[in-house]
Every structure is written in structure tokens, then in C-alpha cells.
Amino acid sequence: EDLDDSILAEGYPFQAILKAGALGVNHITYHTLYDRERPGHSLTAVEGGRLILKSSYQTVSLAGEFLENIAQSHWVEKPGYETVTGTLKNRLFFQTLSNSRDDREVGLPLAGRDDIFVLDAFGNIVPEGLRNLPPKLRSYLGGPLRILISQNPL
């Protein structure tokens, strides 16, 4: 199914790439730069004869950079969400979370800690009121991704 790029870009490519890496996959192909037959599976679009980067391109690029900087990671499925947890080469701790429910939002496991930065799949800081994980829009996708970064274990 071709989905609106904004649905994919909010988290699915990032979570899929990091999950595959945590599970030991050493080669990942995610969609294509441009596929004329299936433009919804492309990271770019053609507008006025020019190749335009879609928002999923930014997410895939950031996920690739993030993956390159992971020292170790593992994937865990918890009640209500999936997570990839690990450490970066610069010794920061990270956790990516996406909602595995399509009927309700799920709160982030922050436990009142103020040493955690919360980012979205584009690398933007998520305001405190928007940190919970919205429900999935499609049963086969994760919902919007949240990335937790801290100097302390998560």
C-alpha cells in the first residue's frame, strides 16, 4: 500500500532500520530513491521535472547516521511499545520507542527523570506535552517514533 509520506516519515523507516540493526542484519534496503511505478515507496518525488526530497528521505538519512554511531543495541517488545536500546560510540545511552497499539496512546517510560532528551524521527526536540506515543495509524506500522538520549543508562 502506498501511504502518505508523512505517515512513514514520522517513525517507521527509523524504527525499521534500527530494529534490523539490533537484530544483526548487516544489509538494509529501504524503499528506493525514486520508483516511477510506485512513487509512494520512493524517498523522493518528481515535481516540475526536478527530483524533490520527501520527508522520509530526511528520516532515513538520520537513521543511517544514527545507526553508524551505535556501539551496541538490542530490540525488545514491551507491552504497548517496541524499543531499540543501546549505547552510542560517544558513550551516550539511547532508546527509540514506537507504539505497538492502534487503539490508544502509550506514555513514555521516563519515570520523572529530567536527564533525558526526547527527540522525534527528524531529530527535533519533542515538547513535553507531545512526548507520549500516539497510536499506530496502520496495524502494520509503528506509530511516530520517540528517541530518548541520556548520559545515564535508560
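The preceding data block contains the structure.
Residues numbered from 1 in each chain as written. Predicted model: local features only at pLDDT ≥ 70, side-chain atom pairs only at ≥ 80, totals over all residues. Heavy atoms only, no water.

**Some remarks on the packing of aromatic side chains**
The description of an aromatic ring pair rests on the distance of the ring centres and on the angle between the ring planes. By the definition in use, this model includes two aromatic pairs. Between F66 and F94 the ring centres are 5.1 Å apart and the planes differ by 90 degrees, which places this aromatic pair in the edge-to-face class. Remark: F94 occurs in strand β5 (residues 93-99) and F66 occurs in helix α3 (residues 55-68); sequence separation between them is 28 residues. Take F66 and F94: they sit in the same class, and that class is buried. An aromatic cluster is present here, built from F14, F66 and F94 joined pairwise through their rings. (Phe/Tyr/Trp six-rings, centres within 6.5 Å; stacked < 30°, edge-to-face > 60°. Helix = DSSP H or I, 4+ residues; strand = E, 2+ residues; numbered from the N terminus. Buried < 20%, exposed > 50% of the residue type's maximum accessible area, 1.4 Å probe, protein only.)

**With respect to α3**
The end-to-end C-alpha distance of α3, which contains 14 residues, comes to 20 Å, matching closely the 20 Å that a straight helix rising 1.5 Å per residue would cover. Check the buried side of α3 and you find it contacts α1 (5-9), α2 (12-22), β3 (70-78), β4 (81-88), β5 and β7 (146-150). (Expected span 1.5 Å × (residues − 1). Contact = heavy atoms within 4.5 Å.)

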